[in-house]
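A structural walkthrough
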Amino acid sequence: MDAFIQRHQQDVIGVLSGFDRMRFRGTLRSICHAQGVDRFLGAVGVPYKDFREFVAGLSQRLIERAEQVAQQTGRPFVYQASSSQDKQAEVERIAARDGVTEGLVCILRCVEPCMSFSIRRDRQGGLGFRSEQRKCLHLYYYYLDREFGLMHVRVATWLPFGIHVCINGREYLARRLKQAGISFEQRDNCFVWIEDLARAQQMLADLEKRKWERWLKSLSVRVNPLMSKASGLDLHPYYWSVSESEYATDVLFREAKTLAQIYPTLVDHAMKRFDSKDVLRFLGRRPHGLFTGEVSTSYLVRTEGLRVKHWLQENSIKMYDKQGSVLRIETTINNARRFKVRKMTVRQGIRGMRWIPMRHAVADLDRRVEISRAANERYLEALAVVEIASPAHKLLDAVSRPVTKDERPYRALRPMSRSEAAVFAAVLGGQFFLKGFTNRDLRNRLGLCGSVDPPERRRQSGRMTRQLRLLRAHGLIRKVSGTRYYRVTPKGQQIMTAALKLRAADVTKLVA
């Protein structure tokens, strides 16, 4: 990543890396499989014939809790006829209409697919539970949280009562910045400018070290009355995992037009040059002959920007331009088992550190961060070699007009003229590359030190001093502090080299 930033350092404000969207999944592990459900029914004394009626009663308790919360808080309890409706847009409309700035915004209910259990006969003719996909009512509790902003808790009202909690890391950062009094400019789901980017990075990194279990447990108790002791069910607490995470690295450009100039070339390179082996390498996988998974790349124009996405089985890495001036590289992990984590394990009675498949559990969140950050950095590193086309006029036009520095006007340069070209060639001399050059060095190089007349030497020195001031005003050279030496700037290296090459170019080849 450093190579990419160094190459575009004049155009980049800085880099911000951290979680974007995170989705936690809560699972009641004691009743999430067929044998567990069977044992649970035996413990509460419910026969198979009463299974549906018993679970329907539990479901009704969750719905009644939602109705009670909505009534006590005076918030809407809204039914959505289709699961494809934009829930967040509806919630934002309600919050704006009612002026909600904190707390519960509303509760939505919607019938959606879920995994549950049905009683079926096995091959021997006996009855038992079988896991099947079906549909049930889901409750969405939308909050404007003091810490995380707009977030929601989704709970299934049918056994095994799974929970999802969705938060946004960028919304979390926005609230932290406001509390700290740090100015910023946020557009949609990204920041285009932050007053103190280093502190913002530290704040966003706090999500990576956070102990999530206690906070998630408090949410589960709030939305699921079956978890209380008063329910009489004696269910074990939810087991928390990360079902999906988006880890984004944002490169913040100073101007949208700068990113607009280079982004088409980056997209072209990503689509044409990044093959399956590259995608495997980005996501930390070694190509080998036994790999049978699928790797694919897609290109899509979205409202957020033009997006290139590379899929490696269930996981992906993508690039897109956000809000014109932000280049975002984002790794999405849906299946953590595709990656490895080094853990202490016991195999055949021998205890030792081994690489094993990574778990979805929040306990392995630090390893998830490590993998995602490394993937984003490898992707940016691969983009650092892309040659960005830059027409000569864009360089030369910048110095071909007058400038003002320290309230003093300076004339425009004439980069294609013979006199200016001679000065450019002298300044770019190889002998000055390390140490730099002085007024006298340039006069020697241009053959202006031959006069023995002191007044004439002073006039020549004065003319060279004015020439050096002109080059400094246009940003082509800089003075080494505390010395008489000057050095060529990266901008000067680019502009003066381009001017000299254009003067020396073969006209027949230019017009061919």
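Here goes a summary of the coordinates provided. As the structure is a prediction and not an experimental result, all values here were calculated from the model. (Residues numbered from 1 in each chain as written. Predicted model: local features only at pLDDT ≥ 70, side-chain atom pairs only at ≥ 80, totals over all residues. Heavy atoms only, no water.)

**Here we look at unusual backbone geometry**
This is how the line gets drawn: Secondary structure follows DSSP: runs of H or I at least 4 residues long count as helices, runs of E at least 2 residues long count as strands, and numbering of each begins at the N terminus. Only protein chains enter the accessibility calculation, which uses a 1.4 Å probe; a residue whose area is less than 20% of its type maximum is buried, one above 50% is exposed, and one in between is partly exposed.
Following Leu159, the chain continues into Pro160 via a peptide bond in cis, with omega recorded as 15°. When you line up the elements, Pro160 lands in the loop between β5 (149–156) and β6 (163–168). Positive phi is not limited to glycine here, since Asp188 has a value of about 55°. Along the polypeptide, Asp188 turns up in the loop between β7 (184–187) and β8 (190–194). The exposure class assigned to Asp188 is exposed, which follows from its relative accessible area of 52%. The backbone of Asp234 shows a phi angle near 55°, a positive value even though the residue is not glycine. Of note, Asp234 is situated in the loop between α7 (213–223) and β9 (239–253). Among the residues examined, Asp234 registers a relative accessible area of 71% and is labelled exposed.

**Some thoughts on the pairing of strand β2 (residues 77–80)**
Short version of the rule: At least two DSSP bridges between two strands are required for those strands to pair. If you view a crossover with the strands going away from you and the path from the first strand over the helix to the second runs clockwise, you call it right-handed.
Two elements, β2 and strand β3 (residues 103–121), share four bridges in a ladder whose sense is parallel. Bridge pairing in β3 links Val78 to Leu108. With respect to chirality, the unit in which β2 leads through helix α4 (residues 87–98) into the neighbouring parallel β3 is right-handed.

**Describing the side chain of Lys318**
The condition is simple: Note on contacts: a residue pair qualifies if any of its non-hydrogen atoms lie within 4.5 Å across the two residues.
Tracing the backbone shows Lys318 in strand β12 (residues 315–322). Contact partners of Lys318, with chain neighbours within four places excluded, come to Arg302, Arg307, Val308, Lys309, Arg328, Ile329 and Glu330.

**Digging into α7**
Short version of the rule: Taking the helix axis as origin, the arc is that swept by the directions to the C-beta atoms.
Where α7 is concerned, the buried positions are Trp215, Leu216, Leu219, Ser220 and Val223. Buried residues of α7, viewed axially, fall in a sector of 140°; they line one side. For α7, the secondary structure elements touched by its buried residues are β1 (12–27), α3 (51–73), β4 (127–145), β5, β6 and β9.

**Quick look at a positive patch on the surface**
The criterion, for reference: Surface patches are defined over residues having more than 30% relative accessible area and no salt bridge, joining like charges when they lie within 9 Å and nonpolar side chains (Val, Leu, Ile, Met, Phe, Trp, Tyr) when within 5 Å. Computed with a 1.4 Å probe, the accessible areas rest on the Shrake-Rupley method; for each residue, only the protein chains presented here act as cover. Throughout this description, the term salt bridge denotes a Lys or Arg side-chain nitrogen within 4 Å of a carboxyl oxygen of Asp or Glu. Charged residues are defined narrowly, with Lys and Arg counted positive, Asp and Glu counted negative, and His plus the chain ends left uncounted. The atoms used to mark charge sites are NZ of Lys, CZ of Arg, CG of Asp and CD of Glu.
Judged by side-chain charge, Lys405, Arg408, Arg466, Arg469, Arg472, Lys479 and Arg484 come together as a positively charged surface patch. Ranked by the residues each element gives to the positive patch, the list is headed by helix α14 (residues 454–473), at three residues. Mapped onto the elements, Arg466 comes out in helix α14.

**Considering the side chain of Arg170**
With respect to the element layout, Arg170 can be found in helix α5 (residues 169–180). For Arg170, the residues in contact, after removing those within four places along its chain, are Leu16, Gly18, Phe19, Asp20, Gln186, Asn189, Phe191, Leu204, Ala248, Asp250 and Arg328.

**A word on the nonpolar core**
Where we set the bar: Definition of nonpolar core: a set of buried residues of the types Ala, Val, Leu, Ile, Met, Phe, Trp, Tyr and Cys, connected through side-chain atoms within 4.5 Å.
Judged by nonpolar contacts, the single largest core of 72 residues is most densely connected at Phe24, Tyr141, Val165 and Trp212. Element by element, the count of residues in this core is highest for α3, at nine residues. When residues no more than four places from it in sequence are discounted, the contact partners of Val165 are Met22, Arg23, Phe24, Met151, His152, Val153, Trp215, Leu216, Leu219 and Trp240. Within the second largest apolar cluster, 36 residues are counted, among which are Phe339, Ala375, Tyr379 and Leu383.

**Some words on the pattern of salt bridges**
Evaluation of the coordinates by the stated rule reveals 30 salt bridges. Taking the shortest distance from any N to any O, the salt bridge between Glu112 and Arg154 comes out at 3.1 Å. Of the two residues, Glu112 is situated in strand β3 and Arg154 in strand β5; the sequence distance between them amounts to 42 residues. Pair check on accessibility: Glu112 and Arg154 agree, each one buried. Here the residues in one salt-bridge network are Asp20, Arg21, Arg170, Glu246, Asp250, Lys318, Arg328 and Glu330, joined through shared partners.

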